[in-house]
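Spelled out from the first residue to the last, the chains are:
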Amino acid sequence: MSVKGIGKVPVIYVGSVKNLRQKKKASAARPGVLWFEYTDDYSVFDYGKMPDAIPDKGAAAAMMTACLFDEVAKPQTWKDFVKQGVLDKVKCKTMRRELADSQALKNLQASGMATHYQGVVDEDGKCAPLSKLRKPSNVLQVAGVRIIHPKVTAIRGQRLYNYTMFGPDMKNHLAPLECIFRFGLPKGSSLLRRLAKNPEYAEEIGVSANAKEGSTLFRPVMEFSTKLEPSDRYISYEFAMNAAGMEAEEFKNLLHSMTLAALWLKEKFASIGLKLWDGKFEFLRMGTGLALGDAITPDELRLTYKKLQISKEPLRQYHKIHQPKFAEAMDKAKKIAQRKDRALSKIVADLGASPTPVDPVVISAMSDMYAGITERLMGKDIFGGRADLGDVTKRLKKLGIG
């Protein structure tokens, strides 16, 4: 669907999967207004925009995000969450009690979860509720906040990132964190590799050091990584709290909020026959409070349908199998990026391993996957009902990437 007048809204950032258009600039005093224009582009291994595209991916991502943000913002969603006993399914008693007694859960039941989402931009270029939309749109309107990068200092050949400009009194900015949740260890999980390299980390996050691929964790695990550095790196809770400029109580609220949101999301996908293994959130500070931001799509989540992968993982597996030089170069590039301020794509190009377009059969299956998940989640055939997930998973399995 084309959006009337979109060309008059200036692009302020071109990302690997979406463009940011600015309706109103954010300031230190108040949020602005942005249009998130989701494209059909995709990215794997944090490379950036890949050389081909997936039809309908952008609209599917926008519709899924709008649907989930709509629901998570309603107090009734969280009252139902408690009534349905979702917390009772958490095996770890300590975590279950902590979440049940948390101020975060009380706030959610009273006011819902704050988000930056404001509505969908329809074909007339107007912000409208999702329920009023006649056709799928790939553009969402959100509250815009400032993106403030940490300062960089080079010491003895290493690039050190200074986050001291962030503080609890700073308003209207993106928290410089990737907030990662895990319910298990599916194929491709980075946690498997990191546990193998550092068994002591298992004790730190409450995971069995002998955890195997495909296993479910005893309790949900929450991790943090950097967001605004050339290459993301995992960081401790203490580093995350200080990097985001949070007091201990606010950081605890963030941790509880992301855990509750993850548990709700897991239950939501289970209700439509999908299993959620892991994913990530982004939070931002609007005024002085925290709000859920960015997107919730298969690009941010790892899902399975009848034990077969239906997220971005099939694309990762495809490149590992059919373009191994590219996949290996990405690992090298991330290490180089920690020393040099260069885009990963440029480093990979220097290594002579830039990616090439994938098999069109894979692109077709992935397009139907994105559309199918969104239709199932919304309960509407907004893409013509063409995408049956059973058929999609069979096609991906046949290709060896499911």
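Further up the page is the structure itself.
What you see is a predicted model, and the numbers here were worked out from it, not measured in a lab.

The subject of this paragraph is the overall build of the protein. Tallying secondary structure elements over the protein gives 13 helices and 16 strands in all. Taken over the C-alpha trace, the protein has a radius of gyration of 21 Å; the compact-globule value for 402 residues is 21 Å, and the two agree within 12%. Here the protein, with 402 residues, has 54% of them falling under the buried criterion. Pairs at least 24 apart in sequence give 67% of the contacts found in the protein among residues at least 6 apart.

Strand order in the open sheet made by the six strands is E1-E2-E3-E6-E4-E5, with antiparallel pairing throughout. Edge positions in the sheet fall to strand E1 (11-14) and strand E5 (127-128), since each has one partner strand and no second. Bridging between strand E2 (residues 18-24) and strand E3 (residues 32-38) involves six bridges; their strand directions are antiparallel. The residue of E3 that forms the bridge with glutamine 22 is leucine 34. Sitting on the sheet, helix H1 (residues 57-72) touches E3, strand E4 (117-121) and strand E6 (139-144), and the angle it makes with E4 is about 140 degrees.

With that settled, consider the side chain of lysine 57. The topology assignment puts lysine 57 in helix H1. Residues in contact with lysine 57, not counting those within four places in the same chain, are Val17, Thr39, Asp40, Asp41, Tyr42, Asp299 and Tyr370.

Quick look at the pairing of strand E14 (residues 289-293) now. Each regular strand displays side chains that alternate between the two surfaces of the sheet. The element E14 is extensively covered by neighbouring structure, given that four of its five residues are classed as buried. Bridging between strand E13 (residues 275-286) and E14 involves five bridges; their strand directions are antiparallel. The residue of E14 that forms the bridge with arginine 285 is leucine 290. The hairpin formed by E13 and E14 contains two residues between the paired strands, and glycine 287 there has a positive phi angle of roughly 65 degrees.

Take the pattern of salt bridges next. For the structure on display, the rule yields 24 salt bridges. Residue lysine 49 is joined to aspartate 41 by a salt bridge in which the shortest nitrogen-to-oxygen separation is 3.8 Å. Classification of aspartate 41 by relative accessible area gives buried; the value is 13%. Across the pair aspartate 350 and arginine 342 runs a salt bridge, and its minimum N-O distance is 2.3 Å. Residue aspartate 350 is classed as exposed on the basis of its relative accessible area of 55%. What makes arginine 342 partly exposed here is its relative accessible area of 33%. Salt bridges linked by common partners bring Arg182, Arg194, Glu223, Asp278, Arg302, Glu313 and Arg316 together as one network.

Within the largest apolar cluster, 102 residues are counted, with the highest numbers of intra-cluster contacts made by Phe224, Leu265, Phe269 and Phe281. Core analysis: the second largest hydrophobic core is formed by 10 residues, Leu195, Tyr201, Ala202 and Val207 among them.

Below, the discussion takes up unusual backbone geometry. One non-glycine residue, aspartate 46, lies in the positive phi region at around 65 degrees. One non-glycine residue, aspartate 56, lies in the positive phi region at around 75 degrees. Overall, the relative accessible area of 29% leaves aspartate 56 in the partly exposed class.

Let us look at helix H13 (residues 389-398). Think of an α-helix as turning once every 3.6 residues; residues three or four places apart then point the same way. Turning to H13, its buried residues are Leu389, Gly390, Val392, Thr393 and Leu396. Buried residues of H13 fall within an arc of 160 degrees about the axis and therefore sit on the same side. Seen from the open side of H13, the exposed residues pointing more than 90 degrees away from its buried face are Lys394 and Lys398. Buried residues in H13 make contact with strand E15 (301-305), strand E16 (308-309), helix H9 (313-322) and helix H12 (360-378). Taking the backbone nitrogen of glycine 390 as reference, a side-chain oxygen 3.1 Å away marks aspartate 388 as the first, capping residue of H13. Downstream of H13 by one or two residues, glycine 400 has phi in the positive range, about 80 degrees.

It is worth spelling out a positive patch on the surface at this point. Positive charge collects at one region of the surface, where Lys187, Arg193, Lys197, Lys320 and Lys335 lie side by side. Tracing the backbone shows arginine 193 in helix H5 (residues 190-197). On the basis of relative accessible area, arginine 193 is assigned to the partly exposed category, the value being 47%.

Let's shift gears to the packing of aromatic side chains. Applying the stated criterion across every chain yields a total of 14 aromatic pairs. When the centroid spacing of 5.9 Å and the interplanar angle of 50 degrees are considered together, the rings of phenylalanine 45 and phenylalanine 326 count as tilted. Residue phenylalanine 45 is located in the loop between E3 and H1, and its partner phenylalanine 326 is located in helix H10 (residues 324-337); the two are separated by 281 residues in the primary sequence. Considered together, phenylalanine 45 and phenylalanine 326 belong to a single accessibility category, that of buried residues. Their ring planes at 65 degrees and their centres at 6.0 Å tell us that tyrosine 237 and phenylalanine 251 sit as a pair that is edge-to-face. Here tyrosine 237 is found in helix H7 (residues 237-243), whereas its partner phenylalanine 251 is found in helix H8 (residues 248-270), with 14 residues between them in sequence. Classification of phenylalanine 251 by relative accessible area gives buried; the value is 6%. A connected cluster of aromatic rings, assembled from ring pairs, spans Phe181, Phe183, Phe281 and Phe283.

Cut-offs applied
- Residues numbered from 1 in each chain as written.
- Predicted model: local features only at pLDDT ≥ 70, side-chain atom pairs only at ≥ 80, totals over all residues.
- Heavy atoms only, no water.
- Helix = DSSP H or I, 4+ residues; strand = E, 2+ residues; numbered from the N terminus.
- Rg over C-alpha atoms; globule rule 2.2 N^0.38 Å.
- Buried < 20%, exposed > 50% of the residue type's maximum accessible area, 1.4 Å probe, protein only.
- Contact = heavy atoms within 4.5 Å.
- Pairing = 2+ DSSP bridges.
- Axes fitted to C-alpha atoms, helices over the stretch in contact; angles between N-to-C directions.
- Salt bridge = Lys/Arg side-chain N within 4 Å of Asp/Glu carboxyl O.
- Core = buried A, V, L, I, M, F, W, Y, C linked by side-chain atoms within 4.5 Å.
- Arc of directions from axis to C-beta.
- Polar contact = N/O pair within 3.5 Å; in protein donor to acceptor, adjacent residues only side chain to side chain.
- Patch = residues over 30% accessible without salt bridge, like charges linked within 9 Å, V, L, I, M, F, W, Y side chains within 5 Å.
- Areas by Shrake-Rupley, 256 points an atom, 1.4 Å probe, with all protein chains shown as cover.
- Lys, Arg positive; Asp, Glu negative; His and termini not counted.
- Charge placed at Lys NZ, Arg CZ, Asp CG, Glu CD.
- Phe/Tyr/Trp six-rings, centres within 6.5 Å; stacked < 30°, edge-to-face > 60°.

All we've got here are geometric facts, nothing functional implied.
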